Amino acid sequence: MLAILVVAGSGAWWFATRIPASPFDGAAPAAATPLERGEYVARLGDCVACHSTEHGAPFAGGLPMGTPLGTIFATNITPDRETGIGGYTLSQFDNAVRRGIGADGRRLYPAMPYPSYARMSDEDVRALYDYFQRHVQPVRQANQASHIPWPLNMRWPLAFWNLVFAPTRPYQAAPQRDAAWNRGAYLVEGAGHCGSCHTPRGLAMQEVALDSSDPRYLSGALLDGWYAPSLRGDPNSGLGRWSEEEIFAYLKRGRNRHSVVFGSMMEAFNNSTQFMTDDDLRGIARYLKSLPGDPARDGAPWQYDPATRTALASPATLAASPGARGYMARCGTCHGADGQGRGEWIPPLAGASSLLAPDAASAINITLNGAGRVVAGGVADAYRMPSLRNQINDREVAEILSFIRTAWGNRGGAVTEEQVAKLRSQTNPASSDVIVLQMR
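Residues numbered from 1 in each chain as written. Predicted model: local features only at pLDDT ≥ 70, side-chain atom pairs only at ≥ 80, totals over all residues. Heavy atoms only, no water.

Asks: Quick question: what am I supposed to make of the pairing of strand β1 (residues 64-67) here?
Replies: In the case of a regular strand, side chains alternate between the two sheet surfaces. Note that β1 and strand β2 (residues 70-73) share four bridges and pair antiparallel. Of the residues in β2, the one forming a bridge with proline 64 is phenylalanine 73. Turn length for the β1-β2 hairpin, with the two strands adjacent in sequence and antiparallel, is two residues. (Pairing = 2+ DSSP bridges. Helix = DSSP H or I, 4+ residues; strand = E, 2+ residues; numbered from the N terminus.)

Quick look at the structure:
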């Protein structure tokens, strides 16, 4: 029995510490890739958003990232040989990007979205490697140790997590779909790693689905104080009422008649989607519009109810409802008694997915902390949601949001004072500065 245990333990340790094969093992050095090609792949993967900070050098790391186990810090991925990835071979880079394994064999935390990057093509990985090795300025900046306590900070168990939850096969085109759909699927499921935010997580913190074959994929999830909405055809919490053209506009310009980017999506827009080609964005739009919603989860489609507008004109309604009074005093000037906003510049609250979603986190967060600056084509927006955390207390926020989430036909439900207090303690006001992370 002891011999069996020793053999089994040795085999498990070998598996947990081995470095898997890469298609680039033994490959001869490739010719240089044009800067624009590799930089574009970096834009698709939004590498700059996690590996840079507002006042730091591009890709030098240091961004704190909260996890259920503790804070981790994004690493230096500049080509510095001592503190960055300057000593990585192409196969080592490939293993880090697509399999979550560093050059020294240490497993990367899956905050690095390698379960999605696994779908990237060899050609894109090669272009990305060339970009980081030849076109990014090396920066000597040591990586910060995580705040995850022992023994939870041991990396080798992640090998078994990867075995169960992380695929290793690049994207395979669906022959029954056209080229635009397949390109969109490749970008959403792969480099764009949209599922990292928009797909629910399981008990092991894994994405419960990684592609369109599972109806839970992109069905909405809570992450870092925001509720990332469904990107499926759900008419209430998703994109069911959006056209392909409206999805394209949202990714290209950061706004459409339904919404303006905010929270984590604002950062993705500022640093990634607006730099994509129109063809790629239209492919993404086509792919997302093909994903069916779930009526059992989402409920009957939202319909506008004009009764709220009428009620808000009544002094008796305002006298009887603190939430309605607070709305008209704090929100009504911009968003209107009709809840329709002001065109594409101030988004509607009537029918907004964040107000129909089962979780009120996004509504609470943006009310407390306001919105960051949307920067489209190098031009910052003129209008932004201000932070109200110092102007109204938790009870007032809960009253206003409970009103909004049940007005104009919205069915999001009530918000409690305790929910507001929790997010107030865990979040900070959005910066009013124009922030676009630099890649050069």
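Asks: Whenever I open this one, the side chain of serine 230 confuses me. Can you help?
Replies: Relative to the helices and strands, serine 230 is located in the loop between β4 (226-228) and α10 (244-253). A distance of 2.6 Å separates a polar atom in the side chain of serine 230 from a polar atom in the side chain of aspartate 234. Other than its neighbours up to four places away in sequence, serine 230 contacts Leu218, Ser219, Gly220, Ser237, Gly238, Leu239 and Arg297. (Polar contact = N/O pair within 3.5 Å; in protein donor to acceptor, adjacent residues only side chain to side chain. Contact = heavy atoms within 4.5 Å.)

Asks: I tried to follow the packing of helix α16 (residues 322-330) against helix α20 (residues 394-404) on my own but got confused; where do I start?
Replies: When two helices pack together, their arrangement is given by the angle between the helix axes and the distance between those axes. Where α16 meets α20, the axes come as close as 7 Å, and the angle between the chain directions of the two elements is 95 degrees. Here α16 is positioned roughly perpendicular relative to α20, judged by the angle of their axes. Here Pro322, Gly323, Ala324, Gly326, Tyr327 and Arg330 of α16 lie close against α20, whose contacting residues are Glu399, Ile400, Phe403 and Ile404. Broken down by class, the residue content of the contact of α16 with α20 amounts to six nonpolar, two polar and two charged. (Axes fitted to C-alpha atoms, helices over the stretch in contact; angles between N-to-C directions. Parallel < 35°, antiparallel > 145°, perpendicular 65-115°, else oblique. Nonpolar A, V, L, I, M, F, W, Y, C, P; charged D, E, K, R; others polar.)

Asks: Even after reading the chapter, I still don't get the packing of helix α2 (residues 35-45) against helix α8 (residues 179-191), so can you show me in this structure?
Replies: It is the contact of α2 with α8, at a shortest axis distance of 9 Å, that shows an interaxial angle of 70 degrees. Here α2 is positioned roughly perpendicular relative to α8, judged by the angle of their axes. Residues Tyr40, Leu44 and Gly45 of α2 touch α8, and the partners they reach there are Arg183, Leu187 and Ala191. When the residues that make up the contact of α2 with α8 are grouped by side-chain class, the tally is four nonpolar, one polar and one charged.

Asks: Honestly, the pattern of salt bridges in this entry has me stumped. Any pointers?
Replies: When charged atoms on two side chains of opposite charge get close, those side chains can pair. One pass over the full model with this rule turns up 21 salt bridges. With its nearest N and O atoms 3.9 Å apart, the salt bridge here joins glutamate 207 to arginine 201. For glutamate 207, a relative accessible area of 10% gives the class buried. Put simply, arginine 253 and glutamate 344 hold a salt bridge, and the shortest N to O gap is 3.0 Å. With arginine 253 in helix α10 and glutamate 344 in the loop between α17 (332-335) and α18 (353-356), this residue pair connects regions lying 91 residues apart in the sequence. (Salt bridge = Lys/Arg side-chain N within 4 Å of Asp/Glu carboxyl O. Buried < 20%, exposed > 50% of the residue type's maximum accessible area, 1.4 Å probe, protein only.)

Asks: Mind showing me how you'd approach a nonpolar patch on the surface here?
Replies: Side chains of Trp150, Met154, Trp156, Phe160, Leu163 and Val164 sit close together on the surface and give an oily, nonpolar patch of about 650 Å² of accessible area. The class of leucine 163 is exposed, set by a relative accessible area of 58%. (Patch = residues over 30% accessible without salt bridge, like charges linked within 9 Å, V, L, I, M, F, W, Y side chains within 5 Å. Areas by Shrake-Rupley, 256 points an atom, 1.4 Å probe, with all protein chains shown as cover.)

Asks: Please explain the side chain of glutamine 274 as it appears in this structure.
Replies: Secondary-structure assignment places glutamine 274 in the loop between α11 (264-271) and α12 (278-289). For glutamine 274, a relative accessible area of 13% corresponds to the buried category. Within polar-contact distance, the side chain of glutamine 274 engages the backbone oxygen of phenylalanine 269 at 3.4 Å. Polar side-chain contacts of glutamine 274 include one of 3.1 Å to the backbone oxygen of asparagine 270. For glutamine 274, the contacting residues outside a window of four places in its chain are Leu251, Lys252, Phe269, Val375, Ala376 and Gly377.

Asks: How do you make sense of unusual backbone geometry when you look at a structure like this?
Replies: Of all residues except glycine, most have a negative phi; of all peptide bonds, most are trans. The omega angle of the peptide bond from tryptophan 150 to proline 151 is 5 degrees, so this bond is cis rather than trans. Assignment of secondary structure puts proline 151 in the loop between α6 (122-134) and α7 (158-165). At phenylalanine 59, a position not held by glycine, the phi torsion is positive, near 65 degrees. Relative to the helices and strands, phenylalanine 59 resides in the loop between α3 (47-51) and β1. The class of phenylalanine 59 is buried, set by a relative accessible area of 0%. For methionine 205, which is not a glycine, the phi torsion comes out positive at approximately 65 degrees.

Asks: Would you mind showing me how to read α20 here?
Replies: Because each turn of an α-helix spans 3.6 residues, side chains separated by three or four positions end up pointing in the same direction. Within α20, eight of the 11 residues are buried, which leaves the element mostly enclosed by the surrounding structure. Of the positions making up α20, those classed as buried are Asp394, Val397, Ala398, Ile400, Leu401, Ser402, Phe403 and Ile404. Check the buried side of α20 and you find it contacts α14 (307-312), α16, α18, α19 (361-369) and α21 (417-426).

Asks: Help me understand α21 in this model?
Replies: Every buried residue of α21 is accounted for by Val420, Leu423 and Arg424. Along α21, the residues classed as buried sweep out an arc of 105 degrees about the axis, all on the same side. The exposed set on the far side of α21, more than 90 degrees from its buried face, consists of Glu418, Lys422, Ser425 and Gln426. Buried residues in α21 make contact with α19 and α20. (Arc of directions from axis to C-beta.)

Asks: Explain the nonpolar core to me, please; I cannot follow it from the model alone.
Replies: Generally speaking, a soluble globular protein has its nonpolar side chains buried in company with each other. Ranked by size, the top nonpolar core spans 56 residues in total, and within it Phe59, Phe93, Met120, Phe132 and Leu288 carry the most contacts. Mapped by element, the contributors of at least two residues to this core are α2, α3, α4 (90-99), α6, α8, α10, α11 and α12. What phenylalanine 132 contacts, discounting residues up to four positions off in sequence, is Cys47, Phe59, Ile77, Pro79, Ile85 and Phe93. If you look at the next biggest cluster of nonpolar residues, it comprises 28 residues, including Leu356, Ala361, Phe403 and Val415. (Core = buried A, V, L, I, M, F, W, Y, C linked by side-chain atoms within 4.5 Å.)

Asks: Help me understand the environment of alanine 300, please; the structure alone is not making it clear to me.
Replies: Within the fold, alanine 300 resides in the loop between α13 (295-298) and α14. Each C-alpha atom, one on alanine 300 and one on leucine 401, is 22 Å from the other, the two residues being 101 residues apart in sequence. Among residues more than four places away in sequence, those in contact with alanine 300 are Asn236 and Arg411.

Asks: Would you mind going over the packing of aromatic side chains with me for this structure?
Replies: A ring pair, where both rings are aromatic, is described by two values, the distance of the centres and the angle of the planes. Within the structure shown, the criterion is met by 15 aromatic pairs. Geometrically, the ring pair formed by phenylalanine 59 and tyrosine 131 is edge-to-face, given 6.3 Å between the ring centres and 85 degrees between the ring planes. With a gap of 72 residues between them, phenylalanine 59 in the loop between α3 and β1 and tyrosine 131 in helix α6 connect regions that are remote in the sequence. Take tyrosine 131: its relative accessible area is 1%, and that puts it in the buried class. Taking 5.4 Å as the distance between ring centres and 65 degrees as the angle between the ring planes, the aromatic pair formed by tyrosine 327 and tryptophan 408 counts as edge-to-face. Placement of tyrosine 327 in helix α16 and of tryptophan 408 in the loop between α20 and α21 is noted, with a sequence separation of 81 residues between them. (Phe/Tyr/Trp six-rings, centres within 6.5 Å; stacked < 30°, edge-to-face > 60°.)

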